[in-house]
Amino acid sequence: MRSVSYDQFGEPQTVLGMEKVDRPEPKAGQILIRVIMSPIHNHDLWTIKGQYGVKPDLPAVAGSEAVGIVEATGQGVDPALQGRRVAVAGLQGSWAEYALANASSAIPVPDEMPDEAAAQLIAMPFSAITLLEFLNVEKGDWVIQTAANGAVGKIMTVLAEARGVRLVNLVRRKAAAEDLARLGITEVICTDDADWVGQARKIIGDKGAKAAIDSVGGDIVSGLIDLLGDDGLMVTFGTATNAPLQMPGSQLIFKHLTVKGFWGAKVMAATKPEDAQRMFGELIGLVMNGKLKLPSGGEFRLDQPADAIKAATTPGRDGKVMFKP
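Residues numbered from 1 in each chain as written. Predicted model: local features only at pLDDT ≥ 70, side-chain atom pairs only at ≥ 80, totals over all residues. Heavy atoms only, no water.

Participant: Quick one: what's the story with the packing of helix 4 (residues 123-134) against helix 11 (residues 273-288), residue by residue and with numbers?
Facilitator: Two elements in contact, helix 4 and helix 11, have axes separated by 10 Å at closest approach and are oriented at 115 degrees. Between helix 4 and helix 11 lies a crossing of right-handed hand. On the side of helix 4, the interface is formed by Pro125, Phe126, Ile129, Thr130 and Glu133, while helix 11 contributes Ala276, Arg278, Met279, Phe280, Glu282 and Leu283. Partitioned by chemical class, the residues of the contact of helix 4 with helix 11 number seven nonpolar, one polar and three charged. (Axes fitted to C-alpha atoms, helices over the stretch in contact; angles between N-to-C directions. Helix = DSSP H or I, 4+ residues; strand = E, 2+ residues; numbered from the N terminus. Left-handed = near helix turned anticlockwise from the far one by under 90°. Contact = heavy atoms within 4.5 Å. Nonpolar A, V, L, I, M, F, W, Y, C, P; charged D, E, K, R; others polar.)

Shown next, in the form of structure tokens:
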């Protein structure tokens, strides 16, 4: 089968290429899917660079999420799954014509759901909804998030509104703030403004926010700490700048703040099946009623990895760039 593969860690545009590899066969508990579409996530790029939380054995097929048709089932898997369209994530090698997945993690998707939405239903939306629950916030609480123009950030705005959680959305560029405004997202602040902390405080009030979410790193974190209220929670789940988190110790102490890391893969693995079913039901409902939009940011063939990576890493795209075998 054709695949987008790499035999050394490095810059994706350099090390990726289309390669012919053997089509895998499902083992016990697995399904083989014929890939319809597979998105390019930031964590896929970090994996290819060798800088993510897990390192695959090389050579490796890239990609971690897809929507596809179940072609074959392994031992112990209900053969009735064959022919079903399913969303799958946590894969090792979805940028290919076929991919293996654990049957227990496959999500059958409604016929009416577009392929581009189903292809990205799990990784970012499920990270966002589990992250929101990780914050332990309630209706009316204030939450601050950085990178609000990213995939998780945009999804978080939909989930927060649906649950009545109030959100302050931070971005680093004026153009990003304008993009969010065009989408109808409110309470958007650009951290390029010298008084961004003051602007946020006017919105949140003197009591401060219940929680803050950061995926940028660096000196912006000190502003988030300043905006948290007593017993607030600071969560980091990304580091776009790769800069150390700057946190004033005095505020951590006197506000009695808590700082935690969040890795979606670890949280997903620990989520109870009944909770996962409930959250996926909520996500599918939001997609189907049009409130949660998961568009494609462009589609590329497997023989166009460099072009696809360039598109995926160019700011301002409306959706996830996809491989379409």
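From this point on, the discussion continues.
Participant: Describe in detail the sheet that holds strand 4 (residues 60-61), supporting the description with residues and values.
Facilitator: Pairing in this open sheet of three strands is antiparallel, and the strands run 2-1-4 from one edge to the other. Edge strands, defined here as strands with exactly one partner in the open sheet, are strand 2 (17-20) and strand 4. Relative to strand 4, strand 1 (residues 2-6) runs antiparallel, the two being bridged by two bridges. Residue serine 5 lies in a different strand from strand 4, and its bridge partner there is valine 61. (Pairing = 2+ DSSP bridges.)

Participant: Run through the environment of aspartate 192, naming residues and quoting values.
Facilitator: With respect to the helices, strands and loops of the structure, aspartate 192 is situated in the loop between strand 11 (188-190) and helix 7 (196-204). Through-space distance from the C-alpha of aspartate 192 to that of threonine 314 is 20 Å; in sequence the pair is 122 residues apart. Sequence-distant contacts of aspartate 192, that is, excluding residues within four places in its chain, are made with Arg172 and Arg173.

Participant: Give a description of unusual backbone geometry that names residues and reports values.
Facilitator: In this chain, leucine 58 is followed by proline 59 through a cis amide linkage whose omega measures -5 degrees. Within the secondary structure, proline 59 is located in the loop between helix 2 (42-49) and strand 4. Phi angles above zero are rare outside glycine, and aspartate 231 is one such case at about 60 degrees. For aspartate 231, the position within the fold is in strand 13 (residues 228-236). If you check the backbone angles, histidine 256 has positive phi at about 60 degrees while not being a glycine. Mapped onto the fold, histidine 256 is located in the loop between helix 9 (249-254) and strand 14 (258-261). Histidine 256 sits in the exposed class, given a relative accessible area of 58%. (Buried < 20%, exposed > 50% of the residue type's maximum accessible area, 1.4 Å probe, protein only.)

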